Amino acid sequence: KNEVEQSPQNLTAQEGEFITINCSYSVGISALHWLQQHPGGGIVSLFMLSSGKQKQGRLIATINIQEKHSSLHITASHPRDSAVYICAVRERGGADGLTFGKGTHLIIQP
Amino acid sequence: ETGVTQSPTHLIKTRGQQVTLRCSSQSGHNTVSWYQQALGQGPQFIFQYYREEENGRGNFPPRFSGLQFPNYSSELNVNALELDDSALYLCASSLDRRYEQYFGPGTRLTVT
């Protein structure tokens, strides 16, 4: 069973700061997802990665398959980025459901 | 294009009762996954349906069951409700089994 660990669990930063959220997992995967969850529950998929790096606007996601580690970066953070960020993985050869981390609760203060 | 929808939004049930939650997939998607999210925790995989067949199941007892219909909408049924079943239930649809998943807004179930 894959163990997905995220750090930090909680992060408070000032507007404009560069943010990094980390995710590590224990078993080989076929894909890693970064998701954003706002209060009230709605989840939005930000990235699906199997290698390398992806960028969307101010968001950058990287993955190192050999080290079983991924990072989500937010540049020029803004209060509207405040949300819970969740890392989830799909195991290689396993069921197609995702295994989730507990999430990182991010607050960006103006 | 319509996104993933779930009904109802909120539900209160009594221990021992049965509940049915519904999910409409995004247009063109043939795969639906269901997740349970307890307060303060990450979601847990319940099961996935692909083209009307169960395609994988997480560590949930048989009283959690599901269906997928020919139009690829889906139901999650929970029998003999327990207090610990109180959670946010999320469904996610995808174009195929291993594609990106698009989540619905969730159904918040409270069991008293």
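That block above? That's the structure.
What you see is a predicted model; the values in this text were computed from it and never measured.

Undergrad: How would you explain unusual backbone geometry if you had to name every residue and give the values?
TA: The phi angle of most residues is negative, glycine excepted, and most peptide bonds adopt the trans form. Following S7 of chain A, the chain continues into P8 of chain A via a peptide bond in cis, with omega recorded as -10°. One can find P8 of chain A in the loop between β1 (4–7) and β2 (10–14). In this model, S7 of chain B is joined to P8 of chain B through a cis peptide bond whose omega is -10°. On the secondary structure map, P8 of chain B appears in the loop between β1 (5–7) and β2 (10–13). A positive phi is found at A80 of chain B, a non-glycine position, where the angle reads about 50°. As for its placement among the helices and strands, A80 of chain B is situated in the loop between β8 (74–78) and β9 (87–94).

Undergrad: Could you give me a rundown of the sheet that holds β8 of chain B, with the residues and numbers involved?
TA: Residues and elements named next belong to chain B. Strand order in the open sheet formed by four strands is β1-β3-β8-β7, and the pairing between neighbours is antiparallel. The open sheet has two edge strands with one neighbour each: β1 and β7 (64–68). The average angle at which neighbouring strand axes cross in this sheet is 20°, direction not considered. Sheet topology places β7 next to β8; five bridges connect them, and they run antiparallel. Of the residues in β8, the one forming a bridge with Q68 is S74.

Undergrad: Got a sec to walk through the interface of chain B and chain A? Specific residues and values, please.
TA: Opposite the 18 residues of chain B that make contact, chain A presents 22 residues. Of the roughly 1600 Å² buried between chain B and chain A on both sides combined, carbon and sulfur atoms contribute 51%. It is R98, E100 and F103 of chain B in chain B that bury the most area against chain A; as a group they hold 37% of the surface buried on that side. If you look at where chain B meets chain A, you find three residue pairs in polar contact (both at pLDDT 80 or more). Contributions of two or more residues to the side of chain B that touches chain A are made by β4 (31–37), β5 (44–50), β6 (53–57) and β9 of chain B. Looking at the side of chain B that touches chain A, its residues break down into eight nonpolar, seven polar and three charged.

Undergrad: Describe the environment of Y49 of chain B, listing the residues and the values that go with them.
TA: Residue and element names in this part refer to chain B. Following the sequence through the fold, Y49 ends up in strand β5. A relative accessible area of 7% places Y49 in the buried class. Each C-alpha atom of the pair Y49 and T31 lies 5.6 Å from the other, and the pair is 18 residues apart in sequence. Once residues within four sequence positions are removed from consideration, Y49 is found in contact with N30, T31, V32, E54, N55, G66, L67 and Q68. Only 2.8 Å separates the side chain of Y49 from the backbone oxygen of G66, close enough to count as a polar contact.

Undergrad: Quick rundown of the packing of aromatic side chains? Include the residues and the values.
TA: Under the defined criterion, the tally for this structure stands at six aromatic pairs over all chains. Between the aromatic rings of F100 of chain A and Y35 of chain B, the centroid separation amounts to 5.1 Å while the plane-to-plane angle is 80°, which identifies the pairing as edge-to-face. Taken together, the residues span two chains, with F100 of chain A in strand β10 (residues 99–100) and Y35 of chain B in strand β4. Relative accessible area serves as the criterion here: at 0%, Y35 of chain B is assigned to the buried category. Here Y35 of chain B and F103 of chain B contribute two aromatic rings whose centre-to-centre distance is 5.8 Å and whose plane-to-plane angle is 35°, an arrangement assigned as tilted. Of the two residues, Y35 of chain B sits in strand β4 while F103 of chain B sits in strand β10 (residues 102–103), which places them 68 residues apart along the sequence. Note on accessibility: Y35 of chain B and F103 of chain B belong to one class, buried. The ring of Y50 of chain B carries the charged tip of R97 of chain B above its face, separated from the ring centre by 4.3 Å.

Undergrad: Could you give an account of the sheet that holds strand β7 (residues 59–64) of chain A, naming the residues involved and the relevant values?
TA: Strand pairs in the sheet, formed through backbone hydrogen bonds, run parallel or antiparallel to each other. Residue and element names in this part refer to chain A. The sheet built from five strands is open, its strands ordered β1-β3-β8-β7-β6 with antiparallel pairing. Lying at the two open borders of the sheet, with one neighbouring strand each, are β1 and β6 (52–56). Ignoring strand direction, the axes of neighbouring strands in this sheet form an average angle of 15°.

Undergrad: If you had to explain the nonpolar core to someone new, which residues and values would you point to?
TA: If you look at the biggest cluster of nonpolar residues, it comprises 23 residues, and the most contacted ones within it are L32, W34, F47, L72 and Y85 of chain A. Elements supplying a minimum of two residues to this core: β3 (19–25), β4 (29–37), β5 (43–49), β7, β8 (69–74), β9 (83–91) and β11 (104–109) of chain A. Counting residues in hydrophobic clusters, the runner-up holds 20 residues, among them V4, C23, V32 and V78 of chain B.

About the thresholds
Residues numbered from 1 in each chain as written. Chains lettered and ligands numbered in written order. Predicted model: local features only at pLDDT ≥ 70, side-chain atom pairs only at ≥ 80, totals over all residues. Heavy atoms only, no water. Helix = DSSP H or I, 4+ residues; strand = E, 2+ residues; numbered from the N terminus. Pairing = 2+ DSSP bridges. Axes fitted to C-alpha atoms, helices over the stretch in contact; angles between N-to-C directions. Contact = heavy atoms within 4.5 Å. Buried area = accessible area lost by both parts, 1.4 Å probe. Polar contact = N/O pair within 3.5 Å; in protein donor to acceptor, adjacent residues only side chain to side chain. Nonpolar A, V, L, I, M, F, W, Y, C, P; charged D, E, K, R; others polar. Buried < 20%, exposed > 50% of the residue type's maximum accessible area, 1.4 Å probe, protein only. Phe/Tyr/Trp six-rings, centres within 6.5 Å; stacked < 30°, edge-to-face > 60°. Lys NZ or Arg CZ within 6 Å of the ring centre and 35° of its normal. Core = buried A, V, L, I, M, F, W, Y, C linked by side-chain atoms within 4.5 Å.

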